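Here is how the chains run, residue by residue.
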Amino acid sequence: MTIQWFPGHMTRARRQIQDKLKLIDIAIELLDARIPLSSRNPMIDEILAGKPRLIVLNKSDLADPKVTEQWMAYFRSEGHECVSIDANTGTRIGDIVVKSKLLLHAKIERQISKGINPRAIRGLIVGIPNVGKSTLINRLAGKNIAATGDRPGVTKGQQWIKIGTEMELLDTPGILWPKFEDPIVGYRLAVTGAIKEEILNIDDIAFHAVKELCARYWPAMKERFDLDTPPKDLDDSDEIVRIMEEIGRRRGCLIGGGRVDFEKVSVIVLREMRAGKMGKISLEEPLTAMAHLSVPGKGEQE
Ligand code: GDP
């Protein structure tokens, strides 16, 4: 199920996070490493209101490692600590505790100098639906304490989950909305599977995927689908359709009269991309993403 966000829901989500912020020392902002900007809440700086924050690029197992490095450097240059993880397998999730301690170092030192025994760091995971919040909470907790999948509104009594002796997490994450107004954001969320296909047309999502993949990962596309020539002009929709037709012919997705079944092509492209058959893929790099989207805190400067 995909959450339908209306202004009232956003206000409620925001209020819920703000209530939780009072209880915690650090916010853990979870982003999808393949689309760090599109998976980001447009009001995050305002919502977190200066609370110490660790940026966590999740699903790094699916993202292009070179690009993930660029994003880490980018976020650091913006003054944020950043780690990249894979919550599914738990790869590098220990970095979250290490970096959180580092971020709160001064506060912890102050407590020690006053003779106070520092208590465990309290954290809250925040992020848009399907970015991997529940998976990460389960991984960090070491046992299944929260069901994965979309569970809007299942906030009963809040509990702290102990992560070793040094950190505690609120068991319910803060659920945020993405930047819907930008159609590119919508497509990128759909291509990566964060928005269900029923909301946008599958042919449109696949068209967008093919366009982005040809732009960034042409050699992988060429090899996977045995294609001949790349699109001459990526902004020419006929050229993208030509590639989709070629994929359809190669894979035998034909309907009457030798015409290509675009829906079948769309299912194949999206399924194979999401399963990593074209390798590790990132759809946003710091520089190109900035050209398309307004980067929080950057737009006003130009
Ligand atoms: P939530 O809505 O933010 O709580 O997201 P979930 O934890 O329910 O995860 C959404 C989907 O992403 C699930 O199918 C998870 O298995 C998958 N997922 C979460 N983290 C990772 C990861 O690091 N790598 C991969 N490949 N999949 C992940």
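Check the entry above for the structure.
Residues numbered from 1 in each chain as written. Predicted model: local features only at pLDDT ≥ 70, side-chain atom pairs only at ≥ 80, totals over all residues. Heavy atoms only, no water.

Asker: Is there a simple way to explain the overall build of the protein in this structure?
Answerer: Counting secondary structure elements, the protein contains 11 helices and nine strands. Per-residue burial over the protein gives 46% buried out of 302 residues. Element-wise, carbon and sulfur atoms account for 52% of the exposed surface of the protein, whose accessible area totals about 14800 Å². (Helix = DSSP H or I, 4+ residues; strand = E, 2+ residues; numbered from the N terminus. Buried < 20%, exposed > 50% of the residue type's maximum accessible area, 1.4 Å probe, protein only. Areas by Shrake-Rupley, 256 points an atom, 1.4 Å probe, with all protein chains shown as cover.)

Asker: Sorry if this is basic, but what is going on with the nonpolar core here?
Answerer: Side chains that are nonpolar tend, in soluble globular proteins, to be buried together. Leu 57, Leu 136 and Met 221 are the most contacted members of the largest nonpolar core, which has 69 residues in total. Residue contributions to this core peak at 11 residues, all from helix α8 (residues 202-225). Contacts of Leu 57, omitting those with residues within four sequence positions, involve Leu 31, Ala 33, Pro 36, Thr 68, Trp 71, Met 72, Phe 75, Cys 82, Val 83, Ser 84 and Ile 85. Among the nonpolar cores identified, the runner-up in size contains 15 residues, and Ala 13, Ala 27, Ile 47 and Leu 48 belong to it. (Core = buried A, V, L, I, M, F, W, Y, C linked by side-chain atoms within 4.5 Å. Contact = heavy atoms within 4.5 Å.)

Asker: Help me understand the site of the ligand in this model?
Answerer: Close to the ligand lie 18 residues, the nearest being Asp 61, Asn 130, Lys 133, Ser 134 and Thr 135. In the environment of the ligand, a nitrogen atom lies 3.2 Å from a nitrogen or oxygen atom belonging to the side chain of Asn 88. For the ligand, the protein covers 80% of the area, taking 580 Å² as the surface of the free molecule. If you tally residues by element for the shell around the ligand, the top one is helix α6 (residues 133-141), at three residues. For the shell around the ligand, the residue count by class is five nonpolar, eight polar and five charged. (Near = heavy atom within 4 Å. Polar contact = N/O pair within 3.5 Å; in protein donor to acceptor, adjacent residues only side chain to side chain. Nonpolar A, V, L, I, M, F, W, Y, C, P; charged D, E, K, R; others polar.)

Asker: When you look at the packing of α8 against helix α9 (residues 237-250) in this model, what are you seeing that I'm missing?
Answerer: The packing of two helices is summarised by the inter-axis angle and the distance between the axes. Packing of α8 against α9 leaves a shortest axis separation of 10 Å and a crossing angle of 70°. The orientation of α8 relative to α9 falls into the category roughly perpendicular. At the point where α8 passes α9, the crossing takes the left-handed sense. Between α8, through Asp 203, Ala 206, Phe 207, Val 210, Lys 211, Cys 214, Trp 218, Met 221 and Phe 225, and α9, the contact on the second element is made entirely by Ser 237, Ile 240, Val 241, Ile 243, Met 244, Ile 247 and Arg 250. Here the contact of α8 with α9 is composed, by residue class, of 12 nonpolar, one polar and three charged. (Axes fitted to C-alpha atoms, helices over the stretch in contact; angles between N-to-C directions. Parallel < 35°, antiparallel > 145°, perpendicular 65-115°, else oblique. Left-handed = near helix turned anticlockwise from the far one by under 90°.)

Asker: Before we go on, may I ask you to explain the pairing of strand β5 (residues 160-163) in this structure?
Answerer: Looking down a regular strand, the side chains alternate between one sheet face and the other. Of the two faces of β5, the one lined by Ile 161 and Ile 163 is fully buried and the one lined by Trp 160 and Lys 162 carries no buried residue. Relative to strand β6 (residues 167-170), β5 runs antiparallel, the two being bridged by four bridges. Pairing of Ile 161 across the sheet is with Leu 169, part of β6. (Pairing = 2+ DSSP bridges.)

Asker: What is the right way to read empty space enclosed by the protein from this model?
Answerer: Enumeration according to the criterion identifies four cavities of 30 Å³ or more in this entry. What the largest cavity holds in volume is close to 70 Å³. What lines the largest cavity is Asp 25, Leu 104, Lys 107, Ile 108, Gln 111, Pro 118, Arg 119, Ala 120 and Ile 121. Considering only residue class, the lining of the largest cavity consists of five nonpolar, one polar and three charged. Surrounding the second largest cavity, 13 residues form its lining, Asp 32, Pro 129, Asn 130, Val 131 and Ala 194 being those nearest its centre. Considering only residue class, the lining of the second largest cavity consists of six nonpolar, four polar and three charged. (1 Å grid on protein atoms, 1.4 Å probe; cavity = no way out; pocket = protein on both sides within 12 Å on 5 of 7 lines; lining within 4 Å. Points joined across faces, edges and corners; volume = space filled by probe spheres on them.)

Asker: Help me understand helix α4 (residues 94-103) in this model?
Answerer: Within α4 the residues assigned to the buried category are Ile 96, Val 97 and Ser 100. Along the axis of α4, the buried residues cluster in a sector spanning 95°; they form a single face. Opposite the buried face of α4, by more than 90 degrees, sit the exposed residues Val 98 and Leu 102. (Arc of directions from axis to C-beta.)

Bear in mind that shape data such as this cannot, by itself, settle questions of function.
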